[in-house]
Amino acid sequence: MKKIGFLSFGHWSPSPQSGTRSGADALLQSIDLAVAAEELGADGAYYRVHHFARQLASPFPLLAAAGARTKRIELGTAVIDMRYENPLYMAEDAGAADLIAGGRLQLGISRGSPEQVIDGWRYFGYVPEEGKSDADMARRHSEIFLDLLRGEGFAQPNPRPMFPNPPGLLRLEPFSAGLRERIWWGAATDATAVWAAKLGMNLQSSTLKFDETGEPLHVQQAKQIRAYRAAWKEAGHAREPRVSVSRSIFALVNDMDRAYFGGSEGEDHFGYIEPEKRAVFGRTYAAEPDALIEQLKEDEAIAEADTLLLTVPNQLGVDYNAHVIESILKHVAPALGWR
């Protein structure tokens, strides 16, 4: 059994060919797709966060709105770029959104990927400490955020407050119990996956990863997941961790599917998303259901993970994306034992 959800980048474009032509379209359709996915029996609605781009950017209003419209489905991110975040303000926003959703948030955070502008986090007012990198800054912001989610008091109360205080040091409010265990780290390397395990975060592995062995993505991801699980066990955490992988998977069940994805390439690609950092980009799986099932049986990382996030082409509209999700749930997942 696996949890199966979707992952949307929330692209929008004013092009007449786009079904998502504005920021409002991207946000409202993202909520509608979460509702549709829940009705279909999917387990998760996840959203990517990109700044300075015609994509989803500020996750917490979206998560709160989706939480108010749904009842069961997990709502998450994959991922929030922590280079841009004030961890205290984020802890308040996350707590509020999680309470609105009834404790269903699954927040993926990370150092983030290359953005639309150079050092965009500087425009948000964040600069790494001397001798530190932007990745160091992201991890430091993450550690502060995780500490805040424990709900322990740390701020000295005013002796003459406007409203009565509870005894002792004060914490940020609203506090949502349990959210600390629903934080995930998006790891592009084996080392950051191990680091995440030590801190007690769940693991997200995307459709790309920094190339560390030259092997196919699914093989490298499977090794990353095993290293993560070993580090988790060594750290002695009390609960079982969760692991997700993202994939572009399309079951070709009608002529529209074949027109959109019938010519998709079925191979991984190697390239550079940052100078001197070679990455492996995962293939697109697109085939008739019987062939697709056989292909997915060979994906070692999917086999290792408990959660699969289906990347969706959101500009094709809510109805078509609901069809993409339903096709996997109906025609593929049962044969693989995922349902």
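See the structure shown above.
The structure displayed is predicted, hence computed values, not measured ones. As a convention, each chain's residues are numbered from 1 in the sequence order in which they are written. pLDDT decides what is reported in this predicted model: residues at 70 or higher carry local features, side-chain atom pairs at 80 or more are listed and counted, and totals for whole chains, interfaces and linings draw on all residues regardless. Excluding hydrogens and water, the side-chain figures rest on all heavy atoms present in the structure.

Asker: Sorry, what's going on with the packing of helix α3 (residues 87–100) against helix α4 (residues 134–148) here?
Answerer: When two helices pack together, their arrangement is given by the angle between the helix axes and by the axis-to-axis distance. Between α3 and α4, whose axes approach to 9 Å, the crossing angle comes to 45°. When the interaxial angle is binned, α3 and α4 end up oblique. α3 and α4 meet at a crossing whose hand is right-handed. Along its contact with α3, which presents Pro87, Leu88, Met90, Ala91 and Ala94, the element α4 presents His141, Ile144, Phe145 and Leu148. Three classes are used, and their members are as follows: Ala, Val, Leu, Ile, Met, Phe, Trp, Tyr, Cys and Pro are nonpolar, Asp, Glu, Lys and Arg are charged, and the others, Gly among them, are polar. Classifying every residue of the contact of α3 with α4 by side-chain character gives eight nonpolar, one polar and no charged. Note on method: axes are straight lines fitted to C-alpha atoms, helices fitted across the in-contact stretch only, with angles between N-to-C directions ranging 0 to 180 degrees. Numbering of helices and strands runs from the N terminus; a helix is a DSSP stretch of H or I covering at least four residues, while a strand is a stretch of E covering at least two. Working definition: roughly parallel below 35 degrees, roughly antiparallel above 145 degrees, roughly perpendicular at 65 to 115 degrees, and oblique for all remaining angles. The handedness criterion is simple: a crossing whose near helix is rotated anticlockwise from the far helix by less than a right angle is left-handed, and one whose near helix is rotated clockwise is right-handed. Throughout, a residue-residue contact means that at least one pair of heavy atoms, one from each residue, lies within 4.5 Å.

Asker: What is the right way to look at the pattern of salt bridges in this model?
Answerer: Once their charged atoms are close, side chains differing in charge can pair, the charge on each being opposite to the other. Salt bridge, as used here, is a side-chain nitrogen of Lys or Arg placed within 4 Å of a carboxyl oxygen of Asp or Glu. A full pass over the atoms with the stated rule returns 25 salt bridges. When the shortest N-O distance is used, the salt bridge between arginine 140 and glutamate 143 registers 3.7 Å. Within this pair, arginine 140 and its partner glutamate 143 are both found in helix α4, separated by three residues, close to a single helical turn. Classification of arginine 140 as partly exposed rests on a relative accessible area of 46%. Of the charged contacts, one joins aspartate 299 and arginine 247 as a salt bridge, the two residues approaching to 2.9 Å between their closest N and O atoms. Note that aspartate 299 is positioned in the loop between α8 (289–297) and α9 (300–304) and arginine 247 in strand β8 (residues 243–251), a separation of 52 residues in sequence. An identical accessibility class is assigned to aspartate 299 and arginine 247; each is buried. Here the term buried applies to any residue with accessible area under 20% of the maximum for its type, exposed to any over 50%, and partly exposed to those in between, with areas from a 1.4 Å probe on protein chains only.

Asker: Where do I start with a nonpolar patch on the surface in this structure?
Answerer: Each patch is assembled from residues with relative accessible area greater than 30% and no salt bridge, linking like charges that lie within 9 Å and nonpolar side chains (Val, Leu, Ile, Met, Phe, Trp, Tyr) that lie within 5 Å. Reported accessibility uses the Shrake-Rupley method at a 1.4 Å probe radius. Residues are deemed covered only where the shown protein chains occlude them. Taken together, the side chains of Phe52, Val117, Tyr123 and Phe124 define a hydrophobic patch exposed on the protein surface, amounting to about 420 Å² of accessible area. For phenylalanine 124, a relative accessible area of 40% translates into the label partly exposed.

Asker: Any chance you could explain the packing of aromatic side chains here in plain terms?
Answerer: Pairs of aromatic rings are described using the distance from one ring centre to the other and the angle between the two planes. Side-chain rings of Phe, Tyr and Trp, where Trp is taken by its six-membered ring, are said to pair if the distance between their centres is within 6.5 Å; with planes under 30 degrees apart they count as stacked, over 60 as edge-to-face, and otherwise as tilted. On inspection of all chains with the given rule, the structure shows nine aromatic pairs. A ring pair is formed by phenylalanine 52 and tyrosine 123, whose centres lie 5.9 Å apart and whose planes are at 65°; its orientation type is edge-to-face. Here phenylalanine 52 is found in the loop between β2 (44–47) and α2 (59–69), whereas its partner tyrosine 123 is found in the loop between β4 (105–110) and α4, with 71 residues between them in sequence. Exposure remark for tyrosine 123: the relative accessible area of 64% places this residue in the exposed category. Taken together, a centroid distance of 6.0 Å and an interplanar angle of 75° make the contact between phenylalanine 52 and phenylalanine 124 edge-to-face. Within this pair, whereas phenylalanine 52 is found in the loop between β2 and α2, its partner phenylalanine 124 is found in the loop between β4 and α4, the two being separated by 72 residues in sequence. A relative accessible area of 42% means that phenylalanine 52 is categorised as partly exposed.

Asker: Help me understand empty space enclosed by the protein in this model?
Answerer: Empty pockets left among the atoms are what a rolling probe the size of a water molecule brings to light. Put simply, the grid is 1 Å and covers the protein atoms alone, a cavity is a trapped set of points that fit a 1.4 Å probe, a pocket is an open set with protein on both sides within 12 Å along at least five of seven lines, and lining residues have an atom within 4 Å of a point. Grid points are joined across faces, edges and corners, and a volume is the space filled by probe spheres set on the points. Counted by the stated rule, this structure contains four cavities of 30 Å³ or more. There is about 90 Å³ of room inside the largest cavity. Taken together, Ala91, Glu92, Gly95, Leu148, Leu149, Gly151, Leu172, Pro174, Phe175, Ser176 and Leu179 make up the full set of residues lining the largest cavity. Ranked by the residues each element gives to the lining of the largest cavity, the list is headed by α3, at three residues. In terms of residue class, the lining of the largest cavity is made up of seven nonpolar, three polar and one charged. Each pocket or cavity is described by its volume, and for the second largest cavity that value is around 70 Å³. Lining the second largest cavity are Phe6, Ser8, Ala26, Gln29, Ser30, Leu33, Tyr47, Asn314, Gly317, Val318 and Asn321. Of all the secondary-structure elements, those providing two or more residues to the lining of the second largest cavity are β1 (3–8), α1 (23–40) and α10 (318–332). Top contributing element to the lining of the second largest cavity by residue count: α1, with four residues.

Asker: Whenever I open this one, the packing of helix α5 (residues 190–198) against helix α6 (residues 217–235) confuses me. Can you help?
Answerer: Where α5 meets α6, the axes come as close as 8 Å, and the angle between the chain directions of the two elements is 30°. Here α6 runs roughly parallel to α5, going by the angle between their axes. Of the two elements, α5 crosses α6, and the hand of that crossing is right-handed. Touching Asp190, Ala193, Val194, Ala196, Ala197 and Lys198 of α5 are Gln220, Gln224, Ala227, Tyr228, Ala231, Trp232 and Ala235, all from α6. Partitioned by chemical class, the residues of the contact of α5 with α6 number nine nonpolar, two polar and two charged.

Asker: What is the right way to look at the environment of valine 332 in this model?
Answerer: By secondary structure assignment, the location of valine 332 is in helix α10. For valine 332, a relative accessible area of 0% corresponds to the buried category. C-alpha of valine 332 to C-alpha of proline 289: the two residues are 43 residues apart in sequence and 6.1 Å apart in space. Dropping the residues within four chain positions of it, valine 332 is found in contact with Ala251, Leu292, Ile293, Leu296 and Ser327.

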